[in-house]
Amino acid sequence: TTPIYYVNDKPHIGHAYTSTACDVIARFMRLSGREVFFLSGTDEHGQKVEQSAEKKGVDPQEFVDEVSVNFRDLLSLLNISNDYFVRTTDKDHKEAVSKLWNTLVEKGHIYLGQYEGWYSVRDECYYSESELVDGKAPTGAEVEWVAKEESYFFKLSAFEDKLLQYYEENPEFIAPTGRRNEVLSFVRGGLRDLSVSRTSFKWGVPVPGDDNHIMYVWIDALANYMSALGYPESEDFSKFWPGSLHVVGKDILRFHAVYWPALLMAADIPLPKRLFAHGWWTKDGEKISKSLGNVIDPLELVNEFGVDQTRFFLTAEVGFGNDGDFSTKAFIQRVNVNLANELGNLCQRTLSMVFKNCNKKVPSDVGPFTEEDEALLASARTLKERAGKEVANQALQRYAETIITMVWDTNKYIDIMEPWVLKKTDTDRMETVLYVIMEVLRHVAILYQPIIP
C-alpha cells in the first residue's frame, strides 16, 4: 500500500516517490509469480479540506471530487499499476470505518471525555507541550489550542506494553532500523489516550449513534487499508489481510507504527506484516517548501524527461529509507550514464552486430564457453535471486544497483572480447560472444521491467 494522499494540495515529488517505490515492488512480485493487491487512494476528510472548500466557495464533496482526480492522473502518468484506488468519501469505506468504530466500542476501548491541548490542522495531529519546537509542531506546522472540546477517546495507554512486546517479538515489523528506534523511544516515553472525535467541524465520518461528533481523520484514513479489501467480510479481505507491506513517508510513521497497530489489537484484527518509512527529498540542498518556491512537480519532470527516466531516477538515486537531494544535474547524469550510455550503448552495439552478422537472430550454434563467458552467464542467472533479496527488504536502490553492475560488467566483457575484431578473425567465437551478451541482456531486460516498464 501507499499511504492515501491528502487531497488538500497538488501532487508533488513525495507522492511520485512513494507511488513509484510501491509500484516497483508490486511489479517485481507479480513477475515472481505472486498474487498482488496493490492499493493507493486519497484521504478526503478533515478540517483542512473543509477550510479549503470554504475558501473556494464550494461544497467539500465537490472540492474533493475535483482534486482527487489529480492523484489518479499522477498514478496513470507514472505508469503505476495499482489494483484499486480507494477514496475515504466512498460509501463502502465509510461503512467499514463505522464497523471498526462499533467493534472498538463493543470491546470497551472507546469512552467519552473532554480534550484540551495543542492540535495541528495541517498535520491533523495532537501534540503534547513537550513536543512543540519554538511554539510549533515538530514538523514546523502551526498549532492551535483546543479548549475543552467534548471528545471520544481511544484507550491507547492500555496498549503501551502490548506494543512494546510486539515490536520486541517482531523486529522486522518497522523498517528501517532508525525509524524503529524512533517508535520505541516514543512508546517508551508513555502513551496517553487518543482523542478520536471532533465536534468543531463537520466534514468527516459521523460517529455511529452520535452525529454531533465526527471521527478523527486518522481512524478514518487508516481504515482504508481494510475497507479497500471489503472489511469486515469479503474474499479479498480473507486473502490479502493482514497486508504484507505498508510504505509511508517518515512524517506519518507514528500513525502507522503506534496508533494503527493499537487500533487493530483492540479490535482483535491481525497486524500488517511490515511497515517501511522512507525519507524526504530536498532540492539543491534546500528543504522543499511552497514558501521557497522550489516544489518539484512530477508532471513537469515526466513532460521534460519521460516516464521511465523519472521512475529510474527516483528508484536508483537514493537509498530507500534515507533522505535524498534532487537536482536537475543529478537527474540528467544518472539517466544518461546508467540508461543511455551503459545500457543503451550496450544494446545498440550488440543488437546491430547480431542483426548484421548473425542472420538477424540470436546465435544458436555456439560454444564452447570460456571461463569469462561462464562467469558472466553465471552472474546473469543469479541476478533474479540477488535482486529479489533486495526487493524483499525494500532496498530498492540496491536492487537497481545489481542490474546497473550487471550491465557494467557486460560492457567490460564486450570491450575485452571485441566481437567487431572477431568478425574478421573468428566468426564462430564472435557468435558465441554475442550470444553471451544477448543472454545477459535478456535477464537485464526482464529485471528492469518493474523499474522501467
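Read on for a plain summary of the structure. (Residues numbered from 1 in each chain as written. Predicted model: local features only at pLDDT ≥ 70, side-chain atom pairs only at ≥ 80, totals over all residues. Heavy atoms only, no water.)

As for the overall build of the protein chain
As a reminder of what qualifies: Helical segments are the DSSP runs of H or I of at least four residues, strand segments are the runs of E of at least two, and each set is numbered from the N terminus. With a 1.4 Å probe rolled over the protein chains alone, any residue whose accessible area is under 20% of its type maximum counts as buried; one over 50% counts as exposed, and the rest are partly exposed. In summary, the charge assignment counts Lys and Arg as positive and Asp and Glu as negative, without counting His or the chain termini. By convention, the charge on Lys lies at NZ, on Arg at CZ, on Asp at CG and on Glu at CD.
Within the protein chain, the regular secondary structure consists of 18 helices and 16 strands. Judged by the C-alpha coordinates and their principal axes, the protein chain covers about 90 × 45 × 40 Å. Within the protein chain, the fraction of its 453 residues that count as buried is 55%. Across the protein chain, the centroid of the 49 positively charged side chains sits 3 Å from that of the 67 negatively charged ones.

Thoughts on the sheet that holds strand E11 (residues 210-215)
Stated precisely, the cut-off is as follows: Strands were regarded as paired on the criterion that DSSP finds at least two bridges between them.
In space, the three strands of this open sheet follow the order E9-E11-E10, with antiparallel pairing throughout. At either end of the open sheet lies a strand with only one pairing partner, and these are strand E9 (197-198) and strand E10 (206-207). Summarising the sheet, E10 and E11 pair through two bridges and their orientation is antiparallel. Within E11, the position partnered with Val207 by the bridge is Asp210.

Description of the environment of Glu431
How we decide: Residue contacts follow a heavy-atom distance rule, with two residues in contact if any of their heavy atoms lie within 4.5 Å.
Of note, Glu431 is situated in helix H18 (residues 427-448). Overall, the relative accessible area of 23% leaves Glu431 in the partly exposed class. For the pair formed by Glu431 and Val354, sequence separation is 77 residues and the distance between their alpha carbons is 8.1 Å. Dropping the residues within four chain positions of it, Glu431 is found in contact with Asn357, Cys358, Pro363, Asp365 and Val366.

Examining the sheet that holds strand E13 (residues 275-278)
As summarised here, the arrangement of the three strands in space is E7-E13-E12, forming an open sheet in which the pairing is parallel. Here the strands that pair on one side only, and so sit at the sheet edges, are strand E7 (174-175) and strand E12 (246-249). Bridge count between E7 and E13: two bridges; the pairing is parallel. Within the sheet, the bridge partner assigned to Ala175 lies in E13 and is Phe276.

Concerning helix H11 (residues 298-305)
Using the following cut-off: The directions considered for the arc are those from the helix axis to the C-beta atoms.
Considered for burial, the residues of H11 that qualify are Pro298, Leu301, Val302 and Phe305. Buried positions in H11, seen along its axis, are confined to an arc of 95° and lie on one side of it. Opposite the buried face of H11, at more than 90 degrees from it, the exposed residues are Glu300, Asn303 and Glu304. Residues of H11 that are buried sit in contact with helix H1 (13-31), helix H3 (60-77), helix H12 (307-316), strand E16 (324-326) and helix H13 (328-357). Gly306 sits one or two residues past H11 and shows a positive phi near 110°.

Observations regarding the pairing of strand E4 (residues 110-120)
As paired elements, E4 and strand E6 (residues 144-154) share nine bridges and run antiparallel to each other. Its bridge partner being in E6, Gln114 is matched across the sheet by Glu150. What sits between the antiparallel neighbours E4 and strand E5 (residues 125-127) is a turn of four residues, in which Glu124 has the positive phi angle 50°.

Quick notes on the packing of helix H16 (residues 396-417) against H18
Between two packed helices, the angle of one axis relative to the other and the distance separating the axes together describe the packing. Heads up, the condition is: Lines fitted to C-alpha atoms define the axes, with helix axes restricted to the stretch in contact, and inter-axis angles between N-to-C directions lie between 0 and 180 degrees. Throughout this description, any angle smaller than 35 degrees is read as roughly parallel, any larger than 145 degrees as roughly antiparallel, any in the 65 to 115 degree range as roughly perpendicular, and the remainder as oblique. Note on residue classes: Ala, Val, Leu, Ile, Met, Phe, Trp, Tyr, Cys and Pro are nonpolar, Asp, Glu, Lys and Arg are charged, and everything else, Gly too, is polar.
In contact at an axis separation of 10 Å, H16 and H18 are set at 170° when each is read in the N-to-C sense. If you check the angle between H16 and H18, you find them roughly antiparallel. On the side of H16, the interface is formed by Tyr399, Ile403, Ile404, Met406, Val407, Thr410, Tyr413, Ile414 and Met417, while H18 contributes Arg429, Val433, Val436, Ile437, Val440, Val444, Leu447 and Tyr448. Its residues placed into classes, the contact of H16 with H18 shows 15 nonpolar, one polar and one charged.

Examining the pattern of salt bridges
Rule in force here: Salt bridges are counted wherever a side-chain nitrogen of Lys or Arg sits within 4 Å of a carboxyl oxygen of Asp or Glu.
Taken as a whole and assessed by the stated rule, the structure comprises 23 salt bridges. Note that Asp268 is salt-bridged to Lys107, the shortest N-O span being 3.0 Å. Taken together, the residues span a long stretch of sequence, with Asp268 in the loop between helix H10 (253-266) and E13 and Lys107 in the loop between helix H4 (91-106) and E4 at a distance of 161 residues. In this structure Asp268 comes out as exposed when scored by relative accessible area, which is 59%. Here Lys107 falls in the partly exposed class, since its relative accessible area comes to 39%. Measuring nitrogen to oxygen at the nearest pair gives 2.9 Å for the salt bridge that ties Glu317 to Arg334. Of the two residues, Glu317 sits in the loop between H12 and E16 while Arg334 sits in helix H13, which places them 17 residues apart along the sequence.

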